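Listed here are the chains, written in short residue letters.
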Amino acid sequence: MLTLRKASDRGIARHGWLTSFHTFSFASYRDLNQQGFSDLLVINDDRVAAAKGFGQHPHRDMEIFSYVLEGALEHKDTLGTGSVIRPGDVQLMSAGSGVAHSEFNHSADEPVHFLQIWIVPNVVGATPRYQQEHFSPEQKRGRLQLIISPDGAEGSLHVRQDARVYAGLFDGQESATLTLAADRYAYVHVARGSVELNGVRLQEGDGVRVRQEQALTLGNGQDAEVLVFDLRPQELPQMP
């Protein structure tokens, strides 16, 4: 069963320097029907003006990853980590027992467009850690590349949860199929472009809750970039 969440139905926050679309309840946007899905708690689609960003702020017991679509995002944290994240890079910060970080647009004249995504961990009070890897367009072209997993398989980043995240690029006749275990949920988010999921046309910003499906086929894309989350079968995020 596919349940569509249209891009136009998302929450939105406009702060001048920041435009943020919220797939699920976040900050001042609250919708009792959109409180996350399984362990997937937040998908924020953020556009940050040149030289602007989020000052240092704390997190605890959350798996937070950033996926840059355009521009460059500068990250600094209290672990001593500093990096610039560009398209193709995936950054995962496991907040654990507590960490503070800042995120700023690295450019003085160009905006940055990125997704920030939160996954509820399966352990509390763990040691904070930071990971970053680059996945080239060739790795994602016409296929679903594993970028996050509980065991770091295939060079993916290691998340503290029974969740897997795949990224794919689809144009024209390119297609890929992900087979799900019988008892799994999934969430599909179209980061940009448009694509078909099991024959259903999706546009940029659309999301789909997936239940009781064994195969997800993506194809007929138009400059599409897609994230697919393979998740535990539960309706609401549960803190451990």
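Everything numeric here is computed off the predicted structure, so don't read it as measured data. (Residues numbered from 1 in each chain as written. Predicted model: local features only at pLDDT ≥ 70, side-chain atom pairs only at ≥ 80, totals over all residues. Heavy atoms only, no water.)

This part takes up the sheet that holds strand β8 (residues 82-85). Taken in spatial order, the four strands of this open sheet run β5-β10-β7-β8, and their pairing is antiparallel. Only two strands of the sheet have a single neighbouring strand rather than two, namely β5 (53-59) and β8. Strand-to-strand, the axes of this sheet are offset by a mean angle of 20°, without reference to chain direction. Bridge count between β5 and strand β10 (residues 99-105): five bridges; the pairing is antiparallel. Its bridge partner being in β10, Pro58 is matched across the sheet by Ala100. (Pairing = 2+ DSSP bridges. Helix = DSSP H or I, 4+ residues; strand = E, 2+ residues; numbered from the N terminus. Axes fitted to C-alpha atoms, helices over the stretch in contact; angles between N-to-C directions.)

What follows deals with the sheet that holds strand β3 (residues 18-22). Read from one edge of the open sheet, seven strands run β2-β3-β4-β11-β6-β9-β12, paired in antiparallel fashion. In this open sheet, the two strands that pair with only one neighbour each are β2 (11-14) and β12 (129-134). Looking at each pair of strands side by side, their axes are set apart by 15° on average, direction ignored. Strand direction decides the pairing type here: strand β9 (residues 89-94) and β12, joined by six bridges, are antiparallel.

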